[in-house]
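# Structural characterization, general
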Amino acid sequence: DQQVKQNSPSLSVQEGRISILNCDYTNSMFDYFLWYKKYPAEGPTFLISISSIKDKNEDGRFTVFLNKSAKHLSLHIVPSQPGDSAVYFCAASEGGGADGLTFGKGTHLIIQP
Amino acid sequence: NAGVMQNPRHLVRRRGQEARLRCSPMKGHSHVYWYRQLPEEGLKFMVYLQKENIIDESGMPKERFSAEFPKEGPSILRIQQVVRGDSAAYFCASSPVGQETQYFGPGTRLLVL
């Protein structure tokens, strides 16, 4: 039973355009959400996070939106750059202090020149 | 400013041997987490430790797997009598007290022949 779902295994976007990666969750106890970026043969790199008390968090080219009623979050990257080509993982935590993260299966983002 | 360190980066074992994976958290981080990633899958939480304590091992297989984080030295994930199904990438993450963001190491790729 997957509690965090990333339904698009891959996404292709032209350089300079907006990339939108989506994530759905089923566990209503999740209250902290994170996005990680991963290159092959490397560990995940933290990108941005959002607490359930917010609906938007922005950091440079990255913005995460949270829709709690729909149990949906998205990561927007604008403008997309070639170095953004990687696998992006959505993760969630039940909070209440440190907790093991529940990950989606990832979306492979390909930025086309 | 060293990040999370893991060694070895690659480990080859024959069926029935033991595998020991080591993780040194970021400086100032007292929480350590271990995750496993199978091919084409997301990361799966295994265990959460603080110094000399296992806080949550709900993701650990019941047999052959153990983890420790001693007062001195790195955290160790130990897999006894490895089987081919243990072949995976094992990632360690750390976080400081009171923060939910986890920072990942580069991983250990275990191959069981």
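In case you missed it, the structure is sitting above this.
Let me begin by describing the structure that accompanies this report. (Residues numbered from 1 in each chain as written. Chains lettered and ligands numbered in written order. Predicted model: local features only at pLDDT ≥ 70, side-chain atom pairs only at ≥ 80, totals over all residues. Heavy atoms only, no water.)

### What to know about the interface of chain B and chain A
This is how the line gets drawn: Working rule for contacts: check all heavy atoms of both residues, and any pair within 4.5 Å makes them a contact. Buried area is calculated as the accessible area (1.4 Å probe) missing from two parts once they are joined, with the contributions of both summed. Here, a salt bridge means any Lys or Arg side-chain nitrogen found within 4 Å of an Asp or Glu carboxyl oxygen. What qualifies as a polar contact is a pair of N or O atoms within 3.5 Å, subject to a donor-acceptor requirement within protein and to the restriction that residues adjacent in sequence count only when both atoms come from side chains.
At the junction of the two partners, chain B supplies 21 residues and chain A supplies 21 residues. In this assembly, chain B packs against chain A so that about 1600 Å² is buried in total across both faces, 57% of it on carbon and sulfur atoms. The largest per-residue losses of area from chain B upon contact with chain A belong to Leu43, Glu100 and Phe104 of chain B, which jointly make up 34% of the total buried on that side. The tally of links from chain B across to chain A stands at one salt bridge. Residues Lys105 of chain A and Glu41 of chain B are paired through a salt bridge, measuring 3.6 Å at the closest nitrogen-oxygen approach. Applying the counting rule to chain B against chain A returns six residue pairs in polar contact (both at pLDDT 80 or more).

### Let's talk about the pattern of salt bridges
All names here are of chain B. Inclusion rule: The secondary structure listing takes helices from DSSP runs of H or I that are at least 4 residues long and strands from runs of E that are at least 2 residues long, numbered from the N terminus. The buried label applies to any residue whose accessible area, calculated with a 1.4 Å probe on protein chains only, is under 20% of its type's maximum; exposed applies above 50%, and partly exposed to all values in between.
Overall, the coordinates contain five salt bridges over all chains when judged by the stated rule. The closest approach of N and O atoms between Arg78 and Glu18, which form a salt bridge, is 2.9 Å. On the criterion of sequence distance, the pair formed by Arg78 in strand β8 (residues 75–79) and Glu18 in the loop between β2 (10–13) and β3 (19–24) is long-range, its members being 60 residues apart. Given the relative accessible area of 28%, Glu18 is considered partly exposed. When the shortest N-O distance is used, the salt bridge between Asp86 and Arg64 registers 2.7 Å. Note that Asp86 is positioned in the loop between β8 and β9 (88–95) and Arg64 in the loop between β6 (53–56) and β7 (65–68), a separation of 22 residues in sequence. Salt bridges sharing common partners tie together Glu18, Arg20 and Arg78.

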